[in-house]
Amino acid sequence: MKFIHLTDTHVVGNGLEIYGAKPVRRLALAVDSINRDHVDAEIVIITGDLTHWGEGDAYTSFLSEVKRLKMPFALMVGNHDDRAALSEAIPSLPRDENGFVQQVINTSVGPFILTDTKVTTGHQGAYCTDRLAWLDRQFESIEDPALLFMHHPPFDVGIASMDKIKMQDGDALLSVLDRHRKKVRQIFFGHLHRMVAGNWHGFPISIMRGLNHQVRLDLTSDATIIRGDLAQPAYGVVLVDDDSVISHMHAYLECTPQFDLHNLVVGDDREFALSMRHEDWEDFG
Ligand SMILES: [Fe+2]
Ligand SMILES: [Fe+2]
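For the structure given in this document, a descriptive report is provided here. In this text the structure is predicted, and so the values were computed from the model without any measurement.

### A few points about the coordination of the iron ion (ligand 1)
Here's step 1: Listed as protein donors to the iron ion (ligand 1) are Asp8 (OD), His10 (NE2), Asp49 (OD) and His193 (NE2); their distances from the metal cover 2.0 to 2.2 Å.
Here's step 2: Between the four donor atoms coordinating the iron ion (ligand 1), the angles at the centre fall across 88 to 174°, so the site counts as irregular.
Here's step 3: Mapped onto the sequence, the donors of the iron ion (ligand 1) take the spacing D-x1-H-x38-D-x143-H.
Here's step 4: The metal-metal distance between the iron ion (ligand 1) and the iron ion (ligand 2) comes to 3.4 Å, with aspartate 49 coordinating both. A residue pair is termed long-range when its members are at least 10 positions apart, and histidine 10 in the loop between strand 1 (2–6) and helix 1 (23–37) and histidine 193 in the loop between strand 7 (184–189) and strand 8 (196–200) qualify at 183 residues. The same class applies to histidine 10 as to histidine 193, namely buried.

### Digging into the packing of aromatic side chains
Here's step 1: Considering all chains together, one arrives at eight aromatic pairs under this definition.
Here's step 2: Relative to phenylalanine 149, the ring of phenylalanine 3 has its centre 5.8 Å away and its plane inclined at 75°; by these criteria the two rings are edge-to-face. One end of the pair, phenylalanine 3, is in strand 1; the other, phenylalanine 149, is in strand 6 (residues 146–150), with 146 residues separating them in the sequence. Each member of the pair, phenylalanine 3 as well as phenylalanine 149, is classed as buried.
Here's step 3: Ring centres 5.4 Å apart and planes at 90° place the aromatic pair phenylalanine 155 and phenylalanine 189 in the edge-to-face group. Linking phenylalanine 155 in the loop between strand 6 and helix 5 (160–164) with phenylalanine 189 in strand 7, this pair joins segments that are 34 residues apart in sequence.
Here's step 4: Phenylalanine 155 gets classed as buried once you look at its relative accessible area, which sits at 10%.
Here's step 5: Classification of phenylalanine 189 by relative accessible area gives buried; the value is 0%.
Here's step 6: Members of the aromatic cluster, joined through ring pairs, are Phe3, Phe112, Phe149 and Phe188.
Here's step 7: The cationic tip of arginine 131 hangs over the ring face of phenylalanine 100; the distance from NZ or CZ to the ring centre is 4.1 Å.

### Considering the side chain of histidine 213
Here's step 1: Summarising the element assignment, histidine 213 is placed in the loop between strand 9 (203–207) and strand 10 (214–215).
Here's step 2: Looking at histidine 213, its side chain comes within polar contact range of the side chain of asparagine 212, at 3.2 Å.
Here's step 3: Those residues within four positions of histidine 213 in sequence are excluded, and the remaining contacts are His10, Ile18, Tyr19, His193, Asp229 and Leu230.

### Some details on the coordination of the iron ion (ligand 2)
Here's step 1: Distances from the iron ion (ligand 2) to its protein donors, namely Asp49 (OD), Asn79 (OD1), His151 (NE2) and His191 (ND1), fall within the range 2.1 to 2.2 Å.
Here's step 2: Considering all four donor atoms around the iron ion (ligand 2), angles at the metal cover 89 to 161° and the coordination shape is irregular.
Here's step 3: Within one chain, the residues donating to the iron ion (ligand 2) are spaced in sequence as D-x29-N-x71-H-x39-H.

Definitions and cut-offs
Residues numbered from 1 in each chain as written. Chains lettered and ligands numbered in written order. Predicted model: local features only at pLDDT ≥ 70, side-chain atom pairs only at ≥ 80, totals over all residues. Heavy atoms only, no water. Donors = N, O, S within 2.8 Å, 3.2 Å for Na, K, Ca; no water. Tetrahedral: all angles 85-135°; square planar, octahedral: opposite > 155°, others 65-115°. Helix = DSSP H or I, 4+ residues; strand = E, 2+ residues; numbered from the N terminus. Buried < 20%, exposed > 50% of the residue type's maximum accessible area, 1.4 Å probe, protein only. Phe/Tyr/Trp six-rings, centres within 6.5 Å; stacked < 30°, edge-to-face > 60°. Lys NZ or Arg CZ within 6 Å of the ring centre and 35° of its normal. Polar contact = N/O pair within 3.5 Å; in protein donor to acceptor, adjacent residues only side chain to side chain. Contact = heavy atoms within 4.5 Å.

Here it is as structure tokens:
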């Protein structure tokens, strides 16, 4: 089974730019790419920061693009979103009994649990007792192991400015996840605008680049500044079966030179490849 992990689209209304790029354009190209290259994906999960300022115009623009996807999609909120504006744009948006944008989706490889880590004000994340109780109940009620999706990671990644706005209730979350350890296959996050993989207390984690702007690998600055750039946007292509969960990063706008390694026998292709100074190219000659 294949699904797409898309995150941090940060769409703004009226076709405006932020940080020197036009998010709705990058989203449109991502939708084109998914429909062309991954039309066999079962679902697209979009892990929050759908818009940058949470205004109605932005959700209208966002939806006009994601509705072109040829497969189902599911939405989550991030710190830049507005639950009321999103619900107005999508009246059928699934919400839990407390109004949080949380749901469980049954897929062909088991349940996907989508959570809401947004606080009322501020960019840090939270997971309050009401939400923890909801999550605990979902794990109680499912039989198969689940993939879990959250906007804010609850752990530090070494970038002080982003660590400051992580999800603040990591200890409480961990106690719930620990009780259901065998039912948590992998946790997917947004928010960081970087590709990050590893594990947290033994739970495998995967974080994907954003679609508009990225956060630079800055392990030395203090928490007062978030250093960004316009590195290529990407989405995750995730392959799941009984044995494994494999995440690929697809930088869908990348235009670097391409070639087939096994075909580098004669002519310009070979010269070009050798010029890239990979010592083992000779093995393919
Ligand atoms: Fe974001
Ligand atoms: Fe965020």
